[in-house]
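# A closer look at the structure
The lines below spell out each chain.
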Amino acid sequence: METWVRFNSQSQAKERLCRAAQYACTLLGYTLQKGGAGADLLKTVKQLESHMSLTRKLMRLGNSAEALEAAKRAVHLSDSVLRLCITVAHLNRAMYFACDNVLWAGKTGLLPTLDQNKWSQRSFRYYLFALILNLTRDAYEIGLLMERESRCCGSAKASLSSTPVALTPENGDLSPTPTSPSPPLLLPAAPSLPALSLRLRKQLHLLAAVLRSNPPLLLDLLKNACDILIPLHRLGLYRTSDGLVGAAGLASSVLSILTILHPWLKLKP
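Residues numbered from 1 in each chain as written. Predicted model: local features only at pLDDT ≥ 70, side-chain atom pairs only at ≥ 80, totals over all residues. Heavy atoms only, no water.

## Details of the overall build of the chain
Put simply, the test is: Helix numbers and strand numbers start at the N terminus; a helix is a DSSP run of H or I with at least 4 residues, a strand a run of E with at least 2. A 1.4 Å probe rolled over the protein chains alone gives each residue an accessible area, and that area as a share of the maximum for its type sets the label: buried under 20%, exposed over 50%, partly exposed in between. We call two residues in contact whenever any of their non-hydrogen atoms come within 4.5 Å of each other. Only the protein chains shown count as cover for residues, with accessible areas throughout obtained via the Shrake-Rupley method and a probe of 1.4 Å.
Along the backbone of the chain there are 10 helices and 0 strands. Looking at the chain as a whole, 33% of its 269 residues qualify as buried. For the chain, contacts bridging at least 24 residues in sequence account for 76% of all contacts bridging at least 6. A total accessible area of about 17,000 Å² is found for the chain, and carbon and sulfur atoms account for 65% of it.

Structure (structure tokens):
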């Protein structure tokens, strides 16, 4: 299986290019339709989009094996949350690719009686589950990094503000003083609106700092956020325009190509 995975990975860049071309055609078709282009031109663009989609399905034959191998590797992660999210996401990707392979067989005529709409909906459901888990993993990692960054900033401020001062008659009274009665305990007051606004701004600045210092996490978050619009639209859960779907698919494809050209931008594990 590892030999097949190595062979299959060589076609990922070509598949990403075809994906970018497919969603570029989707965006172009929507733009031409809004601009009142001729029916023949719109038909040509739609046919090109369909051919690109079918080519991608051919290139993804066997990707289920790669997803299963990735799930087997993720099982050994030490962090339980990452282990759950990444493993289940890869398993959903494996099911998505399997349904996609069946759909390819139906579109090419190998399975002429196949209910293509049913299998398309099924594949998009698995795709949606995988993306939800990917976004959950991104949110979890962002939370960990923000907590770590906040602790580092807090410890740095504490070390700067804590300056030891020796007790002397000039700066402190060394003689015993009678204890005063403790003030009554009061319930903490609810935070005011300016305090909440200040806290929100601090959290946003912290989030921006974390994402700025972790480009792989930022790219993965943007890519998943763009990709999730596609199954939401196809499943009818969140209807958008074909232009937005095409733009989101094109943007996520470009980000994926960047991670292939520059492997250090790929989020690990």
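On we go.
## Considering the side chain of aspartate 100
Topologically, aspartate 100 is positioned in helix H5 (residues 80–107). Residue classification places aspartate 100 among the buried residues on the basis of a relative accessible area of 2%. Excluding residues that lie within four positions of it along the chain, aspartate 100 makes contacts with Lys57, Arg60 and Ser123.

## Quick notes on unusual backbone geometry
Following lysine 268, the chain continues to proline 269 via a peptide bond in cis, the omega torsion being 5°. Along the chain, the position of proline 269 falls in the segment after helix H10 (242–261).

## Brief notes about the packing of aromatic side chains
Stated precisely, the cut-off is as follows: Only the six-membered ring of Trp is used, alongside the rings of Phe and Tyr, when aromatic pairs are assigned; centres must lie within 6.5 Å, and planes under 30 degrees apart are stacked while those over 60 apart are edge-to-face, with the rest tilted. Whether a charge sits over a ring comes down to the Lys NZ or Arg CZ being within 6 Å of the ring centre and within 35 degrees of the ring normal.
Within the structure shown, the criterion is met by 2 aromatic pairs. Measuring from centroid to centroid gives 5.3 Å for tyrosine 96 and phenylalanine 97, while their planes differ by 50°, and the two rings are tilted. For the residue pair tyrosine 96 and phenylalanine 97, the accessibility class agrees, reading buried in each case. For the pair tyrosine 96 and tyrosine 127, a centre-to-centre distance of 4.9 Å together with 20° between the ring planes defines the contact as stacked. Of this pair, tyrosine 96 sits in helix H5 while tyrosine 127 sits in helix H6 (residues 116–161); the two residues are 31 residues apart in sequence, bridging distant segments of the chain. As far as the burial class goes, tyrosine 96 and tyrosine 127 line up, both buried. One aromatic cluster is present, built from ring pairs that chain together Tyr96, Phe97 and Tyr127. For the cation-ring pair, arginine 122 lies above tryptophan 119, with the distance from its terminal atom to the ring centre recorded as 4.6 Å.

## So, the confidence of the model for the chain
The test is simple: A residue's pLDDT is the predictor's confidence in that residue, given on a scale from 0 to 100.
Per-residue pLDDT for the chain has a mean of 86; in total, 82% of the residues score no lower than 70. The lowest-confidence element of the chain is helix H1 (residues 2–9), averaging 60 in pLDDT; the highest-confidence one is helix H8 (residues 215–227), averaging 97. Scored below 50 in pLDDT, residues 165–176 makes 5 contacts in the model with residues more than four places away or belonging to other chains.

## Remarks on helix H3 (residues 39–59)
Owing to its 3.6 residues per turn, the α-helix brings residues three or four apart onto one side. Rules: In this analysis, the expected span of each helix is defined as 1.5 Å times one less than the number of residues it contains. When we speak of the arc, we mean the arc of directions from the helix axis to the C-beta atoms.
Spanning 21 residues, H3 covers 30 Å between terminal C-alpha atoms, matching the ideal 30 Å at 1.5 Å per step. Within H3 the residues assigned to the buried category are Val45, Glu49, Ser53, Arg56 and Lys57. Along H3, the residues classed as buried sweep out an arc of 120° about the axis, all on the same side. Along H3, exposed side chains directed more than 90 degrees from the buried face belong to Asp40, Lys43 and His51. Summarising the contacts, the buried residues of H3 are in contact with helix H2 (12–34) and H5.

## Here we look at the pattern of salt bridges
Definition in use: Salt bridges are counted wherever a side-chain nitrogen of Lys or Arg sits within 4 Å of a carboxyl oxygen of Asp or Glu.
Within the structure shown, the criterion is met by 9 salt bridges. Of the charged contacts in the structure, one is a salt bridge between arginine 19 and aspartate 227, with a shortest N-O distance of 2.8 Å. Of this pair, arginine 19 sits in helix H2 while aspartate 227 sits in helix H8, and the two are 208 residues apart along the sequence. Under the relative-accessibility criterion, arginine 19 is labelled buried at 3%. When its relative accessible area of 5% is taken as the criterion, aspartate 227 is described as buried. As a salt-bridge pair, arginine 137 and glutamate 141 come within 2.8 Å of each other at their nearest N and O atoms. Of this pair, arginine 137 and glutamate 141 both sit in helix H6, 4 residues apart, which is roughly one turn of the helix. In this structure arginine 137 comes out as buried when scored by relative accessible area, which is 7%.

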